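As a plain string of letters, each chain reads:
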Amino acid sequence: MRNKSTIVLPYINAVIIAFICIVQIYILSKESLSFNISMGEHKVYYYGQIITLFLGTSAMTVIFVKESLDRVQKRNAYTDITGIMNKHACVEQMSILDCRESTLDIGLAMFDLNNLKKVNDFYGHEEGDRLIQQFVALLRQTAEKKYFLGRFGGDEFIVIIQNCEEKGMLNFFERISKETERNNRSSSIRISYACGYAISTREHYYLMDELLKEADKRMYENKKMIKSGELMKTNQISKILDADRVNAAEKNDLTGTFGHDTFVSTVEKVLQIYNSNSRLALVCSDVHNFRYFNDLYGHKEGDHLLRQFALELNQQPFCLCSYRLYSDNFAFLADLSQLSEEQAVERIRNWNIQFSSMVDQAYRGSRFIVNSGIYFISDISESVESMLNNADCARKNSKSAFNHIVVYSEKLNQAMKLHSDIVNSFQRALENQEFQIYVQPKVSCGDKKVCGAEALVRWQRGDGMFLSPDTFVPILEQSGDIINLDFYVYEKVFEYLYNRQLKNKASLPMSVNVSRVHLSMLEDFMERINALHEQYPIPTSLITFELTESAYIKEIHSAERFIDCLYAKGYRVSMDDFGSGYSSLKALYPMNFDEIKFDRAFMKKDAAEEEEHLLIGLIKLVKGLNTTIVCEGVETAENVKLLESSGCDVFQGYYYYRPFPLEELDALIDDMSS
Ligand code: C2E
Ligand code: MG
Ligand code: MG
């Protein structure tokens, strides 16, 4: 910083020289106007005047050019790479203010970025620099023009405000806090800072050095508060966590997270210490479509990703301890104290987005998404198992949620009640013939003729409620009742085809769905199918059994034996819902499915170009397996157009037919064969 005399001196010089020049010009003009003086007599004097004038103006130019060069040079010397003042400039500014008569009403705020070191270590220095730039941009955006902004250290910033009132300072803090929150919503890396301020008043008069010390002291108090408030890792809890980390009897070999028993006992211990005002949650998270990731990048990268997930998760300030339930499913105990429920959800969501975008950057176009279910703990006497169940129940629901995050709630509880109602009323409903068989025709891509139909079950309950299979099939799978329901459907389909055969009417190949539950009961299944076939002897090639991709992948060996048995009897087998989240292309090769049915999720209305490319690419790959390709969920002419060009063989979807009662199928087949 420059003092007044160094600023004023060049101007005084310039004024003196300008005065001399003006005098010269005046003399010259007077001389040239006086006709009675001959040129010869005054020639020397005349040129002398001109040279003096020239030297004068040159001197003035030199002074001003030098002055502006000095200014630029000095500005550069005082500016940090972030564009605000550097430490040297801060110290000078403070000494200038100290030299004034008084430092009354000067306010000094200090900010310290909380996570810069972590960002540097985990994301690299470039990201760290970006974080600093982002914070400086926030400071500039929220500070008034008259504020002095400076970077005092690597991650420390000061703001000096003259004529400062406490209210103005607090307003400034509020503005920057709001802008930071807004920034964090969209930014991949969160900005978090500690801050403190001091104002020199009549009651507490400070010189600049003292102001700095006081603001610094308060900033560190704030930092400590953030740590104890936000993390709530009190000494006692830290000790438990650290001891458990070291002594953990079982640790997940892949991700290094706790094993189940250690996690449960740690959560129990930690809950005993927390007070009732804390906001604690059990969170279950998984990776959406993790199988795709394995398919696209290989299992080694998949493992690396899971390790990275665990590592990053445990770095989050809110994560007290974590546990990998299985595969890509993680559970963790989160301390979200000091936050409202809404903010707490936002905090978890931000971390999910942050991790997803990090993966997206590393593996371009992986469309990586983290799903989370949150269970806010209200009663610490509840068993950890039950908390885990609730969080996991919310997680399952989060897959279809708009922002991939669901909080366990009473509504979910209601859904669970429906769950038990379904299980309890099933047997009576079956006896009362409440289940109806619907069919949805399949259309051949070439001639657009109906080439088959899928049987789909519906539940018209006695109380008037109409339930779709998506509601009750998963529940009946859990209870095991699906076995009887499936055979109820199979019998209706066999019977239908047999009746047409008896009447010498044309037949249509029919598909039926196979629950994964049958896979582990192969003998029983084949026994019942054989019995059905004895009762209704139809050509077995008319029946296609649809086995979902998830069922196949989860129990690949029993699935293969199951399929072999069906082939031996001449039935056809289809892989249903291919690509719905578990597809492992490798797993398709040893198995020769008659048909692969692409899941309806591929037929999104607003599918991005990359998604269409993915679908076309997958169809091409599967085409190599010499199998019939069916696409479900064909709803629009655009879907048809895309699929026609991609090599799909058969369409199934609302664009052609919505499912309708089995009885109405006769008319369609008769119509076709007439
Ligand atoms: P799925 O086997 O993949 O059946 C296709 C589902 O897609 C049907 O839903 C059908 O109505 C729906 N769908 C067909 N075209 C379109 C379309 O253009 N747009 C949309 N949005 N949806 C379309 P549904 O009938 O609700 O069945 C759902 C799932 O329930 C079935 O999926 C199947 O996994 C299961 N399911 C249905 N019936 C049975 C059954 O008898 N036994 C077993 N185990 N599962 C069944
Ligand atoms: Mg199906
Ligand atoms: Mg399907």
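- By the naming in an unreviewed UniProt entry, the chain goes by EAL domain-containing protein and is assigned to Aminipila butyrica.

Things to note about the site of ligand 1
- Around ligand 1 lies a shell of 24 residues, among which R458, D486, R600, E635 and Y654 are the nearest.
- Between R458 and ligand 1, the recorded distance is 2.8 Å, taken from a side-chain N or O atom to an oxygen atom.
- Measuring from an oxygen atom of ligand 1, one finds a side-chain N or O atom of D577 at 2.9 Å.
- Listing elements by their share of the shell around ligand 1, those giving two or more residues are β11 (450-460), α15 (469-479), α16 (482-502) and β15 (572-578).
- Among the elements that make up the shell around ligand 1, the one with the highest residue count is β11 (4 residues).
- Split into classes, the residues belonging to the shell around ligand 1 amount to 9 nonpolar, 5 polar and 10 charged.

Regarding the side chain of S356
- For S356, the position within the fold is in helix α12 (residues 341-362).
- Polar side-chain contacts of S356 include one of 3.4 Å to the backbone oxygen of F368.
- Other than its neighbours up to four places away in sequence, S356 contacts F368, I369 and V370.

Brief notes about the packing of aromatic side chains
- Across all of its chains, the model carries 38 aromatic pairs by this definition.
- Seen in terms of ring centroids, W351 and F355 are 5.4 Å apart; in terms of plane orientation they differ by 50 degrees. Their pairing is tilted. Highlighted residues: W351 and F355, both in helix α12, separated by 4 residues, approximately one helical turn. Here W351 matches F355 in class, with each residue buried.
- Relative to F660, the ring of Y657 lies with its centre 6.5 Å away and its plane at 65 degrees, an arrangement referred to as edge-to-face.
- A relative accessible area of 24% means that Y657 is categorised as partly exposed.
- Three or more aromatic residues link up through ring pairs in this structure, and these residues are F111, F135, Y147, F157, F172, F173, Y193 and Y197.

Conventions adopted
- Residues numbered from 1 in each chain as written.
- Chains lettered and ligands numbered in written order.
- Predicted model: local features only at pLDDT ≥ 70, side-chain atom pairs only at ≥ 80, totals over all residues.
- Heavy atoms only, no water.
- Near = heavy atom within 4 Å.
- Polar contact = N/O pair within 3.5 Å; in protein donor to acceptor, adjacent residues only side chain to side chain.
- Helix = DSSP H or I, 4+ residues; strand = E, 2+ residues; numbered from the N terminus.
- Nonpolar A, V, L, I, M, F, W, Y, C, P; charged D, E, K, R; others polar.
- Contact = heavy atoms within 4.5 Å.
- Phe/Tyr/Trp six-rings, centres within 6.5 Å; stacked < 30°, edge-to-face > 60°.
- Buried < 20%, exposed > 50% of the residue type's maximum accessible area, 1.4 Å probe, protein only.

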